[in-house]
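Structure assessment
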Amino acid sequence: MVAQLPLLDGSSIPAIGLGLYKVPPADTARVVADGLAAGYRLIDGAQMYDNEAAMGAAVRESGMRDELQVVTKFWGDPVQSYDAVLADFAASEQRIGLDVIDGYMIHWPRAPRGTFVETWRAFQTLRDEGRVRWIAVANFGEAELQTLLDETGEWPVVNQVESHPWLPQHDLRAFHAANGIVTQAWSPLGRGRLLDDPTLVAIAAEVDATPAQVVLRWHLQLGGAAAPKSMHASRLAENIAEIPALSVEHLARIAALESGVRTGTAPQDRP
Ligand SMILES: NC(=O)C1=CN([C@@H]2O[C@H](COP(=O)(O)OP(=O)(O)OC[C@H]3O[C@@H](n4cnc5c(N)ncnc54)[C@H](OP(=O)(O)O)[C@@H]3O)[C@@H](O)[C@H]2O)C=CC1
Ligand SMILES: O=C(O)C(=O)[C@@H](O)[C@H](O)C(=O)CO
């Protein structure tokens with residue numbers, strides 16, 4: 001059973017979710033069905049992933065809708081504004097075809113535009129209208145989170161950011177923890193690129209697990225959530241399977257892998 005992480009609104013999310021970036025629409029039903037069979041109960045979609053319709057259909061056909069948290073994200077390009085949120089959300093809502101979307105995220109702050117606060121106000125409207133259960137952000141830094149609170153009186157319940165052993169984001173995680181915001185890692189496996197790291201391979205052998213399981217266990221022991229993606233049923237099951245806690249010594253060896261290397265785009269490069 002996947003651990004649940006409490007959200008500021010009193011609800012909770014599973015610590016491991018199913019990422020859908022780069023899952024082609026034609027494969028999405030199969031991947032979601034395999035994910036649900038493996039035990040995933042949160043599905044991390046986005047307007048930008050071009051598979052919202054297939055994601056929604058798979059959820060409707062699963063017969064498990066009430067057990068699931070379906071997440072999508074507002075892309076905000078070319079326009080990030082209050083009205084663009086309302087229009088783009090209506091389109092996402094129609095594609096997904098569910099009565100309510102569980103989680104809705106601002107995909108990138110696009111801070112130089114100066115419009116993420118009005119964007120957040122539109123998110124609050126959607127939540128207050130009952131069309132979204134919880135509202136969140138991705139790729140926000142501490143200053144942008146603080147601006148949201150100062151201007152609107154409300155923190156996002158989740159900040160989804162790139163994080164893995166090369167990029168643990170300790171400072172941002174500490175800020176989140178101090179304010180009750182859940183850190184959810186995107187590219188939690190470093191897009192698969194860090195899985196042949198000798199330290200991770202060695203620890204995996206020592207604990208009779210795989211490198212992906214070791215990395216995901218590390219995320220949980222940092223107190224965060226993660227949304228790994230895989231196209232393969234066996235890896236989906238591997239990534240959600242529980243393994244025993246890593247030792248302090250294991251965690252110290254993983255901590256030494258921090259390099260600041262990103263596997264995806266930095267927020268300042270998505271203006
Ligand atoms: N908010 C944002 O800006 C962003 C959000 N995201 C979200 O985060 C999710 C995960 O990030 P993503 O970039 O996909 O990267 P991940 O870190 O989840 O890595 C996915 C890659 O790792 C491979 N992989 C998965 N499991 C295993 C395993 N057990 N063993 C070996 N290889 C494995 C996958 O291959 P294969 O599929 O062939 O198994 C794929 O190539 C996305 O799908 C999306 O939902 C991602 C980027 C940005
Ligand atoms: O990081 C990248 O380079 C990407 O293409 C993705 O992260 C993309 O921008 C994205 O936001 C996926 O959620």
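Check the entry above for the structure.
Okay, so let's go over this structure. (Residues numbered from 1 in each chain as written. Chains lettered and ligands numbered in written order. Predicted model: local features only at pLDDT ≥ 70, side-chain atom pairs only at ≥ 80, totals over all residues. Heavy atoms only, no water.)

1. Considering the packing of helix H5 (residues 142-152) against helix H6 (residues 170-179)
At a minimum axis distance of 10 Å, the contact between H5 and H6 shows a crossing angle of 20°. The pairing of H5 with H6 is recorded here as roughly parallel in orientation. Within the contact between the two elements, H5 uses Glu142, Leu145 and Gln146 and H6 uses Leu172, Phe175 and His176. Of the residues assigned to the contact of H5 with H6, the class counts are three nonpolar, two polar and one charged. (Axes fitted to C-alpha atoms, helices over the stretch in contact; angles between N-to-C directions. Helix = DSSP H or I, 4+ residues; strand = E, 2+ residues; numbered from the N terminus. Parallel < 35°, antiparallel > 145°, perpendicular 65-115°, else oblique. Contact = heavy atoms within 4.5 Å. Nonpolar A, V, L, I, M, F, W, Y, C, P; charged D, E, K, R; others polar.)

2. Concerning unusual backbone geometry
In this model, aspartate 77 is joined to proline 78 through a cis peptide bond whose omega is 15°. Topologically, proline 78 is positioned in the loop between strand E5 (69-74) and helix H3 (82-96). Even without being glycine, serine 187 reaches a positive phi, approximately 45°. Its location among the elements puts serine 187 in the loop between strand E9 (182-186) and helix H7 (198-207).

3. Examining the environment of alanine 3
Here alanine 3 shows up in the segment before strand E1 (4-6). Looking at alanine 3, the relative accessible area reads 44%, which means it is partly exposed. Separated by 48 residues in sequence, alanine 3 and asparagine 51 place their C-alpha atoms 27 Å apart. Discounting residues that sit within four places of it in the chain, alanine 3 has contacts with Ile13, Pro14 and Ala15. (Buried < 20%, exposed > 50% of the residue type's maximum accessible area, 1.4 Å probe, protein only.)

4. Considering the sheet that holds strand E8 (residues 158-162)
Across the sheet, which stays open at both edges, the eight strands sit in the order E3-E4-E5-E6-E7-E8-E9-E10 with parallel pairing between neighbours. Lying at the two open borders of the sheet, with one neighbouring strand each, are strand E3 (18-19) and strand E10 (225-226). Sheet topology places E3 next to strand E4 (residues 42-44); two bridges connect them, and they run parallel. Note that in E4 the partner of glycine 19 across the bridge is aspartate 44. Lying on the sheet, H3 is in contact with E5, strand E6 (101-106) and strand E7 (132-138); it crosses E5 at an angle near 140°. (Pairing = 2+ DSSP bridges.)

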